[in-house]
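Take a look at the letters that make up each chain.
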Amino acid sequence: MSRLHTVRAGPADIAAHFGIDPVQQVYIPDETVEGLPGLIVFEKGGKRILKSVTWGFPRLTSEMREHGEDPGRVGMVADLTNPMWDQIVVEPRYRCLIVLTHFANPAGEKGAKTRTWFSLKNEPIMAWAGFCRNLPGEGPVYAGMTMEANDVIPPTNDRMPVLLNPHEYDEWLRGSIQDVIRFQYRPPFPGERMVVQPTKDLWRSGSPPPDAARQMAMI
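Predicted, not measured: the structure shown is a model, and the values here were computed from it.

(A) The arrangement of the overall build of the protein in detail. Across its full length, the protein holds five helices and 14 strands. Whereas a compact globule of 219 residues would reach a radius of gyration of roughly 17 Å, the protein reaches 17 Å, a difference of no more than 12%. Expressed as a percentage of its 219 residues, the buried residues of the protein come to 49%. Looking at the protein as shown, the accessible area adds up to about 10,800 Å², and 52% of this sits on carbon and sulfur atoms. The centroid of the 24 positive side-chain charges in the protein is displaced by 2 Å from the centroid of its 26 negative side-chain charges.

Here it is, written out as structure tokens:
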């Protein structure tokens, strides 16, 4: 599953898409990997709030502790029954919308993997179904729910983000655990809705999606 996504849109455009008022000025990173900031939208007091938050819940195994290693990061939720998530996924107050315009998967041979970008046709801003929590000693963090991939994601991966249509945002943020399960196991967005952009940019290159400028022009 992808461990890289990006937001190629400004605060005003994000606010308009998600119904955030007033427009909130936030830090928008060039790209997000686990352990670094990304953008989420959550509800508080009946209002939607845009915030820059660290991607990935900390995870420290007994083996990591024995070796003196720092906690790792878990940025994706695949198994809703995992004890790491069992309390979070049930409570609507821990739901969020992860803001992105593109996500990427690595392609090619080990040691020379390149970036393949995925986005939606004629939809410059996307929402990924997410969970967030303010952890003591850690601060706010988030992770995204994944599902079985559609036909255009392989061979880069067999899973993909659970993407939401705008009319589903309220249902995700306020729905029951049955709604969460239904979103994860429904059919994924079909491949015909997606733009696939293989590149020659190395995975750690920091290079943006080839259509980043076009995406901005669409907003």
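(B) Spotlight on the pattern of salt bridges. Applying the stated criterion across every chain, the model contains 12 salt bridges. Here Glu-43 makes a salt bridge to Arg-174, at a shortest N to O gap of 2.9 Å. Of this pair, Glu-43 sits in strand S2 (residues 37-44) while Arg-174 sits in helix H3 (residues 169-174); the two residues are 131 residues apart in sequence, bridging distant segments of the chain. Take Glu-43: its relative accessible area is 24%, and that puts it in the partly exposed class.

(C) Up close: the packing of aromatic side chains. Under the defined criterion, the tally for this structure stands at seven aromatic pairs. Judged by centre distance (6.0 Å) and plane angle (75 degrees), the rings of Trp-55 and Trp-128 are edge-to-face. Placement of the pair is Trp-55 in strand S3 (residues 47-55) and Trp-128 in strand S10 (residues 126-135), with a sequence separation of 73 residues. As far as the burial class goes, Trp-55 and Trp-128 line up, both buried. Each ring, one from Trp-172 and one from Phe-183, has its centre 5.9 Å from the other, and the planes form 70 degrees; the classification is edge-to-face. Taken together, the residues Trp-172 in helix H3 and Phe-183 in helix H4 (residues 177-185) connect sequence positions 11 residues apart. A network of ring pairs unites the aromatic residues Trp-55, Trp-128 and Tyr-142 as a single cluster. Positioned above the aromatic ring of Phe-183 is the side chain of Arg-182, whose terminal nitrogen or guanidinium carbon lies 4.8 Å from the ring centre. Over the face of the ring belonging to Phe-189 we find Arg-193, whose NZ or CZ atom lies 4.0 Å from the ring centre.

(D) Representation of the nonpolar core within the structure. Grouped together as the largest cluster of nonpolar side chains are 55 residues, with contacts concentrated most on Ile-14, Phe-18, Leu-97, Val-99 and Trp-172. Here the element with the most residues in this core is S10; it accounts for six residues. If sequence neighbours within four positions are ignored, Phe-18 has contacts with Val-41, Arg-48, Leu-97, Val-99, Ile-125, Met-126, Ala-127 and Tyr-169.

(E) Quick peek at the layout of surface pockets. Estimated volume of the largest pocket: approximately 280 Å³. Lining of the largest pocket is provided by 13 residues; of these, Phe-42, Arg-93, Cys-132, Arg-133 and Asn-134 occupy positions nearest its centre. Breaking the lining of the largest pocket down by element, the ones donating at least two residues are S2, S3, S10 and strand S11 (139-148). Ranked by residues supplied to the lining of the largest pocket, first place goes to S2 with four residues. Among the residues making up the lining of the largest pocket, the classes are represented as seven nonpolar, one polar and five charged.

(F) Structural context of unusual backbone geometry. Residues Asp-21 and Pro-22 are joined by a peptide bond in cis, for which omega reads 5 degrees. Residue position: Pro-22 is located in the loop between helix H1 (11-18) and S2. Pro-155 follows Pro-154 through a cis peptide bond whose omega is 5 degrees. Turning to its location among the elements, Pro-155 is positioned in the loop between S11 and strand S12 (159-161). Residues other than glycine seldom take positive phi values, yet Asn-122 does so here, at roughly 60 degrees. With respect to the element layout, Asn-122 can be found in the loop between strand S9 (114-120) and S10.

Scoring rules and cut-offs
- Residues numbered from 1 in each chain as written.
- Predicted model: local features only at pLDDT ≥ 70, side-chain atom pairs only at ≥ 80, totals over all residues.
- Heavy atoms only, no water.
- Helix = DSSP H or I, 4+ residues; strand = E, 2+ residues; numbered from the N terminus.
- Rg over C-alpha atoms; globule rule 2.2 N^0.38 Å.
- Buried < 20%, exposed > 50% of the residue type's maximum accessible area, 1.4 Å probe, protein only.
- Areas by Shrake-Rupley, 256 points an atom, 1.4 Å probe, with all protein chains shown as cover.
- Lys, Arg positive; Asp, Glu negative; His and termini not counted.
- Charge placed at Lys NZ, Arg CZ, Asp CG, Glu CD.
- Salt bridge = Lys/Arg side-chain N within 4 Å of Asp/Glu carboxyl O.
- Phe/Tyr/Trp six-rings, centres within 6.5 Å; stacked < 30°, edge-to-face > 60°.
- Lys NZ or Arg CZ within 6 Å of the ring centre and 35° of its normal.
- Core = buried A, V, L, I, M, F, W, Y, C linked by side-chain atoms within 4.5 Å.
- Contact = heavy atoms within 4.5 Å.
- 1 Å grid on protein atoms, 1.4 Å probe; cavity = no way out; pocket = protein on both sides within 12 Å on 5 of 7 lines; lining within 4 Å.
- Points joined across faces, edges and corners; volume = space filled by probe spheres on them.
- Nonpolar A, V, L, I, M, F, W, Y, C, P; charged D, E, K, R; others polar.

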